[in-house]
Structures are given as C-alpha cells and as structure tokens.
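Descriptive structure summary
What follows is the residue order along each chain.
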Amino acid sequence: MTPGPIVGILLAAGSGSRFGSDKLLHPLADGTPMGLAAARRLRPACDRVLAVVRPGSEVLAAQLAAAGFELVVSAASLQGMGHSLAAGVRAAPDAGGWLIALADMPFIAPASYGRVAAALRDGGSIVMPEYQGRRGHPVGFARQWGGQLARLTGDEGARRIVAGFPDAIVRCDVDDPGIVRDVDQAADLADRPPGATPAPYPP
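Reading guide: rules and limits
Residues numbered from 1 in each chain as written. Predicted model: local features only at pLDDT ≥ 70, side-chain atom pairs only at ≥ 80, totals over all residues. Heavy atoms only, no water. Helix = DSSP H or I, 4+ residues; strand = E, 2+ residues; numbered from the N terminus. Buried < 20%, exposed > 50% of the residue type's maximum accessible area, 1.4 Å probe, protein only. Contact = heavy atoms within 4.5 Å. Areas by Shrake-Rupley, 256 points an atom, 1.4 Å probe, with all protein chains shown as cover. Phe/Tyr/Trp six-rings, centres within 6.5 Å; stacked < 30°, edge-to-face > 60°. Lys NZ or Arg CZ within 6 Å of the ring centre and 35° of its normal. pLDDT = per-residue confidence, 0-100. Pairing = 2+ DSSP bridges.

Looking at the overall build of the protein chain
- Along the backbone of the protein chain there are six helices and eight strands.
- Going residue by residue from the N terminus, the α and β elements of the protein chain occur as β-α-β-α-β-α-β-α-β-β-β-α-α-β.
- Within the protein chain, the fraction of its 203 residues that count as buried is 54%.
- A fraction of 71% describes how many contacts in the protein chain between residues 6 or more apart in sequence connect residues 24 or more apart.
- Put simply, the protein chain shows about 8700 Å² of open surface, and 52% of that area lies on carbon and sulfur atoms.

Quick look at the packing of aromatic side chains
- Per the counting criterion, the structure on display carries one aromatic pair.
- Cation over ring: Arg181 sits above Phe107, and NZ or CZ is 4.0 Å from the ring centre.

A closer look at the confidence of the model for the protein chain
- Overall, the predicted model of the protein chain reaches an average pLDDT of 88, with 86% of residues at or above 70.
- Across residues 192-203, confidence stays below pLDDT 50; counting only partners more than four residues off in sequence or on other chains, it has 36 contacts.

Let's talk about unusual backbone geometry
- The step from His137 to Pro138 runs through a cis peptide bond, and the omega angle for that step is 5°.
- Counting through the fold element by element, Pro138 comes out in the loop between strand 6 (134-135) and strand 7 (139-142).

Description of helix 1 (residues 34-42)
- With seven of its nine residues buried, helix 1 lies for the most part within the structure.
- Met34, Gly35, Leu36, Ala37, Ala38, Ala39 and Leu42 are the residues of helix 1 that are buried.
- Packed against the buried residues of helix 1 are strand 1 (6-11), helix 2 (58-66), strand 4 (97-102) and helix 4 (110-121).

So, the pairing of strand 4
- Among the six residues that make up strand 4, six are buried, leaving the element largely enclosed by the rest of the structure.
- Burial along strand 4 is two-sided: the residues Gly97, Leu99 and Ala101 and Trp98, Ile100 and Leu102 are all buried.
- Pairing of strand 1 with strand 4 involves six bridges; the strand directions are parallel. Bridged to Gly8 within strand 4 is Leu99.

Encoded structure:
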C-alpha cells in the first residue's frame, strides 16, 4: 500500500491560444466551464486536490477554489507544462502519490480517475489508463518519483520519466474514450468517434 495521501494535481495554467479564447472557461453542452468540469471529475478519486493556475486567471481560480481545490499560482507555468507539474508536486511534497490531470480533458469518467488512484494506493509506480490499446490520462506517479517530478521544466511534462522507465508502468484498462480526448480547438468539442485523434501523451 502507498503511504500518504493521493494528491490530484489539475494542470490548469495553459493559455489556450489555439482555442481562440480562454478555453478552460468555455462552457460545455451542459453549461459547465471546461476546467471546472474536469476538476469535478477528478475530485472524488483523491484525498487532496491542487490546481496549478497562471497569474491573472482569477475567474478560473475562483471556480476551482469553490470546488475544493487548493490553488498553486505559478508564473513559471507560462514556460510549459513541465513547470506546472513541478509546481504542483512541490506544493504537496508529503503525498503518497500524485494523480496528474489536464484541465482541458473534461470528458474523462470519474471511474477512470478512480482506477488510476486505486492502482497507486495498491503500490503502483507509474500508473497509466489505456483505452483500446491507447495510453491516456490521467497518469499516476508514486512517491518515489517526487524528486524528478519537482525538477521538471519545459513543455514535455513527464514524458522522459515515463519513457525512461517502461518496467515501472502499471496499465489500467478502462472503457472510457475520454482518457484520449483533449480539447485543443473549439471543433474538438463536437462529438468524435472513439478512433479520433488522441490527446497528447504523456503529461
């Protein structure tokens, strides 16, 4: 069993430049802002939740705080996803593991977050969900990776860690196309078949 709490880190500091507006505030079909929808789906799986936001995103920050998320405001996040991830991990150094989620992936089922978190609690090292053979999000990291995660920079996220330690990966099969569906442009909000272009991987 993994000692310590499982901490969910919602990476919500992206600028959304390709979307044409602040995409994390864009309402989904039910009216819920995209970033808030992703946060609500992540929350039940974790013992504690943080959201990494960029300076100036007061509206999004207020929504996430109201949903129970602790806020990590990181100016360095403007330099890339790696900086965001590192800021989140440094804000929760005593975690038993971290569940890394993307705020522009609002269609992941709560059960998928739960599967990854459960695998971390059972001692998984690097936990990844798979849908029809394709890896997706969120990705879980056990406590042992904290030092490397806290030093990440650039825009590759944890790609090098995952690629460098394939034997550490624990895969969770899920029947959830949401784990490979991100929203990069407004057109991505339209219904897409399960075989559509997957989200960037890994975080």
